[in-house]
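Structural description and commentary
In case you want the letters, here they are:
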Amino acid sequence: MKKKYAVICVGGQSNAVGYDESVITKNYREQFHTERLWQLGFYGEDNLKIIPLLECAQNFQDMRPYGNPDNEREGLGTKGIHLPLGEQLLELVSMDTDILVLPCAYGGTGFLEGEEGIYDPKTKKPSPGILRWGVNSPYYLSLKDRLKYVLDLKEDSRFLAMVWIQGESDHACGIRHMELFQEMAEDFLAYFQKHYPKRAYGKWDRNLWYNVETAAYWYDIGDCEKIWNGYKKFHPSTYVAIPRSTDTNKENGTGMTAKVREAHFGNNAFWHVIAPLVAEKIKDVRGHIRDKEEAAKS
């Protein structure tokens, strides 16, 4: 707790969880400055503790059982955007600031699909399983309370970005999905602007919310294209377009997470393609925070 944190939340469904099934090599972790990358724990005794951010983030959905059998470290699951994105963002912040990620995602979820579920305010956890998102959702309540929790731990920590990757499960009704998404996103920004007005890098406005495209497989299914067009319209300057050629689990996947391997990013796409694109968009919007803070001190 000696350092302050730049806080990032990653929410949504499976491609926000991270279903990359490719092998985690023994030296994978060595590519990152893990001594400055953290997450808010979710599993067992780790819950509500700030712990190291590793290959398989502690999401609402536990992916540890779905790791590639050839992983070169024991007990690992799948890979997501969390570790590589945290690494990319270190250069933005001052050396006395670490990156703290809140993983808040579950595969197969949407605003129209799933159960209502229940929320435990003591543990700040939603009930297990596929629940619905929305302003009254256990997922959203957990996301909000976990963010409040980490901001309250250190008064000089600030929120940097909400990274949102979702939409596939609601492909049958894209218009309604966007209505419910916008209601939740606006509630999030308004709530924290009211209760934590000076605790973000910039204002609590749409510049903090980054909608990220999904795997190419989904674009020809139902209203998926309408959904991502809606996300782009929500705030074009923070919309992150992902090349349709980006690797999925079709290459070096196992099929353990889903039958359709093309539905999820894989083959280290989070590391090599998606995290750099998201980080670049955040840099474009926020600028180099480190330079601004050093200039303010002088």
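Structure report, in brief.

Parameters at a glance
Residues numbered from 1 in each chain as written. Predicted model: local features only at pLDDT ≥ 70, side-chain atom pairs only at ≥ 80, totals over all residues. Heavy atoms only, no water. Helix = DSSP H or I, 4+ residues; strand = E, 2+ residues; numbered from the N terminus. Buried < 20%, exposed > 50% of the residue type's maximum accessible area, 1.4 Å probe, protein only. Phe/Tyr/Trp six-rings, centres within 6.5 Å; stacked < 30°, edge-to-face > 60°. Lys NZ or Arg CZ within 6 Å of the ring centre and 35° of its normal. Patch = residues over 30% accessible without salt bridge, like charges linked within 9 Å, V, L, I, M, F, W, Y side chains within 5 Å. Areas by Shrake-Rupley, 256 points an atom, 1.4 Å probe, with all protein chains shown as cover. Salt bridge = Lys/Arg side-chain N within 4 Å of Asp/Glu carboxyl O. Lys, Arg positive; Asp, Glu negative; His and termini not counted. Charge placed at Lys NZ, Arg CZ, Asp CG, Glu CD. Core = buried A, V, L, I, M, F, W, Y, C linked by side-chain atoms within 4.5 Å. Contact = heavy atoms within 4.5 Å. Pairing = 2+ DSSP bridges. 1 Å grid on protein atoms, 1.4 Å probe; cavity = no way out; pocket = protein on both sides within 12 Å on 5 of 7 lines; lining within 4 Å. Points joined across faces, edges and corners; volume = space filled by probe spheres on them. Nonpolar A, V, L, I, M, F, W, Y, C, P; charged D, E, K, R; others polar.

1. Remarks on unusual backbone geometry
Even without being glycine, Asn267 reaches a positive phi, approximately 55 degrees. Note that Asn267 resides in the loop between helix H5 (224–234) and helix H6 (269–286). For Asn267, a relative accessible area of 21% puts it in the partly exposed group. Non-glycine residue Asn268 carries a positive phi angle of around 65 degrees. In this structure Asn268 comes out as buried when scored by relative accessible area, which is 17%.

2. Observations concerning the packing of aromatic side chains
According to the stated counting rule, one finds 27 aromatic pairs in the structure shown. Ring geometry for Phe181 versus Trp209: centroids 5.6 Å apart, planes at 70 degrees, classification edge-to-face. Residue Phe181 is found in helix H4 (residues 174–195), and its partner Trp209 is found in strand E8 (residues 209–211); the two are separated by 28 residues along the sequence. Ring geometry for Phe192 against Trp204: centres 5.1 Å apart, planes inclined by 20 degrees, an arrangement best described as stacked. You can see Phe192 sitting in helix H4 and its partner Trp204 sitting in the loop between H4 and E8, a full 12 residues away along the chain. With respect to class, Phe192 is no different from Trp204; both count as buried. The side chain of Lys125 reaches across the aromatic face of Phe42, ending 4.7 Å from its centre. Against the face of Tyr191 rests Lys144, its NZ or CZ located 4.1 Å from the ring centre.

3. Digging into a negative patch on the surface
On the surface, a cluster of negative charge is made up of Asp96, Asp152, Glu155 and Asp156. With respect to the helices and strands, the residue Asp152 is situated in helix H3 (residues 138–153).

4. Focus on the nonpolar core
Residues Leu147, Phe159, Phe188 and Trp204 are the most contacted members of the largest nonpolar core, which totals 91 residues. It is H4 that contributes the most residues to this core, 9 residues altogether. With residues up to four places along the chain from it excluded, the contact list for Trp204 reads Leu147, Leu151, Phe159, Phe188, Leu189, Phe192, Gln193, Tyr196, Pro197 and Arg199.

5. A short note on the pairing of strand E1 (residues 4–12)
Buried residues dominate E1, accounting for 9 of its 9 residues. Where burial is concerned, the two faces of E1 agree: the one with Lys4, Ala6, Ile8, Val10 and Gly12 and the one with Tyr5, Val7, Cys9 and Gly11 are both buried. Looking at chain direction, E1 and strand E7 (residues 158–165) are connected through 7 bridges and run parallel. By the bridge assignment for E7, Val10 is matched with Val163.

6. A word on the layout of surface pockets
If a probe as big as a water molecule is rolled over the atoms, it shows which places are left empty. Estimates place the volume of the largest pocket at around 210 Å³. Phe111, Glu116, Arg132, Trp133, Gly134, Val135, Asn136, Ser137, Pro138, Leu180 and Glu183 together form the lining of the largest pocket. Counted by class, the lining of the largest pocket contains 5 nonpolar, 3 polar and 3 charged residues. The wall of the second largest pocket is formed by 13 residues, among which Gln39, Leu54, Cys56, Gln58 and Arg64 lie closest to the centre. Classifying every residue of the lining of the second largest pocket gives 6 nonpolar, 4 polar and 3 charged.

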